[in-house]
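Single-letter residue listing:
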Amino acid sequence: MKSKVIIPDKFISKFKEIINPEEIDSFILYCKKKLTKSIRVNTLKYKGDITKNIYFEENKIILKQIKYVKQAYLIKSEVSSIGNTIEQLLGYFQIQEVSSMLPALILNPNENDIVLDLTAAPGNKTAFLAQIMNNKGLIIANDIDETRIKTLKYTLKKLGVTNTIIFSKDGIDFDINLKFNKILLDAPCSCEGIVRKKPRSLINWSEQLVKSKSDLQKKLILNAYDLLEKNGTLVYSTCTMSPEENEEVIDYLIKKRPNLKIENVNIENLNTNYGIIKYKLKEYNKNIKNAIRIYPHKTDLEGFFICKIKRI
Amino acid sequence: MFEILNLKIENKLINYLNSRFGIDKAIFNNYSFFKNGKKVFILSKQNKIDILKILNLENLETIGLELFANYKEYLLSSLAFTMFDSKTICENYIILNREQTKKYFRSEKILFEDISLKNKKILSYGNIVGIYNNKIIGILEYTKNKEFISNNIIRNLDVK
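Residues numbered from 1 in each chain as written. Chains lettered and ligands numbered in written order. Predicted model: local features only at pLDDT ≥ 70, side-chain atom pairs only at ≥ 80, totals over all residues. Heavy atoms only, no water.

K.L.:
Give a description of the pairing of strand E7 (residues 93-96) of chain B that names residues and reports values.
P.N.:
All names here are of chain B. Where E7 meets strand E9 (residues 120-121), 2 bridges bridge the pair, whose relative direction is antiparallel. The partner of Ile94 across the bridge, within E9, is Lys120. Across 4 bridges, E7 lies against strand E10 (residues 126-132) in parallel orientation. Note that in E10 the partner of Leu96 across the bridge is Tyr132. (Pairing = 2+ DSSP bridges. Helix = DSSP H or I, 4+ residues; strand = E, 2+ residues; numbered from the N terminus.)

K.L.:
Give a description of the interface of chain A and chain B that names residues and reports values.
P.N.:
Across the contact, 37 residues belong to chain A and 34 residues belong to chain B. When chain A packs against chain B, close to 3,200 Å² is buried across both sides, 64% of that on carbon and sulfur atoms. Per-residue buried area on chain A facing chain B is highest for A:Ile86, A:Lys157 and A:Thr162; these three make up 20% of the total on that side. Our count for the contact surface shared by chain A and chain B stands at 2 salt bridges. As a salt-bridge pair, B:Glu61 and A:Lys153 come within 3.0 Å of each other at their nearest N and O atoms. In this assembly, chain A and chain B are joined by 12 residue pairs in polar contact (both at pLDDT 80 or more). Within the residue set of the side of chain A that touches chain B, elements represented by two or more residues are helix H3 (54-58), helix H4 (86-89), strand E6 (138-142), helix H7 (146-158) and strand E7 (164-167) of chain A. (Contact = heavy atoms within 4.5 Å. Buried area = accessible area lost by both parts, 1.4 Å probe. Salt bridge = Lys/Arg side-chain N within 4 Å of Asp/Glu carboxyl O. Polar contact = N/O pair within 3.5 Å; in protein donor to acceptor, adjacent residues only side chain to side chain.)

K.L.:
An account of the pairing of strand E9 (residues 228-238) of chain A is requested, with residue identities and associated values reported.
P.N.:
Residues and elements named next belong to chain A. Across the 11 residues of E9, 8 count as buried, placing the element largely inside the fold. Across 6 bridges, the pairing between strand E8 (residues 180-186) and E9 is parallel. Bridge pairing in E9 links Phe180 to Leu228. Assessed by its sense of winding, the connection that carries the chain from E8 through helix H8 (residues 207-226) to E9 is right-handed. Two elements, E9 and strand E15 (residues 304-311), share 6 bridges in a ladder whose sense is antiparallel. Bridging across to E15, Ser237 finds its partner in Ile306. (Buried < 20%, exposed > 50% of the residue type's maximum accessible area, 1.4 Å probe, protein only. Right-handed = clockwise from strand over helix to strand, strands pointing away.)

K.L.:
Which residues make up the domain arrangement of chain A, and what values go with them?
P.N.:
Residues and elements named next belong to chain A. As assigned here, chain A comprises domain 1 (9-33 + 99-311) and domain 2 (36-96). Just the C-alpha atoms count here: the centres of domain 1 and domain 2 sit 25 Å apart. Listed as interface residues are 23 residues of domain 1 and, on the opposing side, 20 residues of domain 2. Carbon and sulfur atoms supply 56% of the area that domain 1 and domain 2 bury against each other, a total of about 1,800 Å² over both sides. When the buried area of domain 1 at its contact with domain 2 is split by residue, Met101, Gln131 and Lys158 rank highest and sum to 39% of it. Our enumeration of links across domain 1 and domain 2 arrives at 0 salt bridges. On the surface where domain 1 and domain 2 come into contact, there are 10 residue pairs in polar contact (both at pLDDT 80 or more). (Domains from an automatic or database assignment.)

K.L.:
Describe the environment of A:Phe305, listing the residues and the values that go with them.
P.N.:
All names here are of chain A. Tracing the chain through its elements places Phe305 in strand E15. Sequence spacing of Phe305 and Tyr274 is 31 residues, and the spatial spacing of their C-alpha atoms is 9.6 Å. Discounting residues that sit within four places of it in the chain, Phe305 has contacts with Tyr236, Ser237, Thr238, Thr240, Asn246, Glu247, Ile250, Ala291, Ile292 and Arg293.

K.L.:
Give a description of the environment of A:Glu57 that names residues and reports values.
P.N.:
All names here are of chain A. Its location among the elements puts Glu57 in helix H3. Here the alpha-carbon distance between Glu57 and Lys230, two residues 173 residues apart in the chain, equals 49 Å. Excluding its chain neighbours within four sequence positions, the residues that come into contact with Glu57 are Thr51 and Lys52.

K.L.:
Describe the pattern of salt bridges, listing the residues and the values that go with them.
P.N.:
All names here are of chain A. Tallying each qualifying case throughout the model produces 22 salt bridges over all chains. Lys33 is the partner of Asp300 in a salt bridge, and the nearest nitrogen-oxygen pair spans 3.5 Å. Taken together, the residues span a long stretch of sequence, with Asp300 in the loop between helix H10 (296-299) and E15 and Lys33 in the loop between helix H2 (24-32) and strand E1 (38-41) at a distance of 267 residues. Here Asp300 falls in the partly exposed class, since its relative accessible area comes to 28%.

K.L.:
Account for the side chain of B:Ser77, naming residues and giving values.
P.N.:
Residues and elements named next belong to chain B. Here Ser77 lies in the loop between strand E6 (75-76) and E7. In this structure Ser77 comes out as buried when scored by relative accessible area, which is 2%. Contact partners of Ser77, with chain neighbours within four places excluded, come to Glu66, Leu67, Phe68, Ala69 and Ile139.

See below:
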């Protein structure tokens, strides 16, 4: 049975102050619109054209390749059981939202990099990093949640990842006497952006939740930045849209560690918004404009925020 | 506790994989070997970090991919070398069709007589590699006096 999307009034009121007034109705409409499923082809295990794969051909499932993520496809047909196909169990592809593929692409690690994924579970982004690195270099994947670590282990095993070491430490004070040249911090968040996939995800939404996540994110980003080598790159992302969990976190980092550069993030063919630099009575560092906001109504994706930071 | 696998044991295991499946030994030049109890893991080689420095740290959960569930008994992990091309396997394999592969994931019995002669090359009892559609799907156990094989590790009843 389909669940009805629940969007609390206080959430709508808040986003009236964030979204352009002419767009707010469209924003709410898209938050209620079911998200098109997508897959990422795992080139560590599957080298061919996935559209020619027997499962998709025999079941006449139409896949549409995404221009800005060449490994990703939208599933344009109605499918209910793609998670139980042989191909999925064999790790040829992973069901993953398109927005959540972007942080790894923006970090863009190479085969020699030493990468940290500070809050890695359930592992889709870690696996994509490994894929981009052709299973070379080294990824340290960390997560504090024991249950989610199990999923992380299974995901990496299924997808044939061999360049990753997993730790289960608290990201706030994670330190293994190593510095990294690339770090991904896909921070735990209030998950406002995933309402299209999980219709009831906003039921427990509150400003207190946003504030508590923001406090945690500030601690995490500070530690992540301190683990970077000089000239290293940190990508900070969340699947949420409140400025307190995004721009405010970056602004906090800039105040604490002024010696950094916010690099421009540009994804061709994707209609993103700039990072916000004014919100209510707050003014954030103007360079935060270089970050991107992904809104459902502008992209037909999940809501997301991504910022690329370089240590100088 | 994780530790670097003794080179002598590493060579012994590589020799086993070579003699059992015909896997080219050179493939393993790209990996470092580690052990934790009876389990053996492989990690892509890199030369920037000395892994030894982090092996003894607290909360280290796992390294790379598990190759042997019990190296002393040559018991391979169910998903061992599924990232390799099926052409790396020369012997002790079976080629499954789609229905048989579904059975594999459901942990149902696959009768040997149902696999045609050209689709199996088994020289002895023990670990055998399952192949579907030119890809390695995992490791199965071929036991003496059994007329079937089954995967008893992964189980997914709803596989399509």
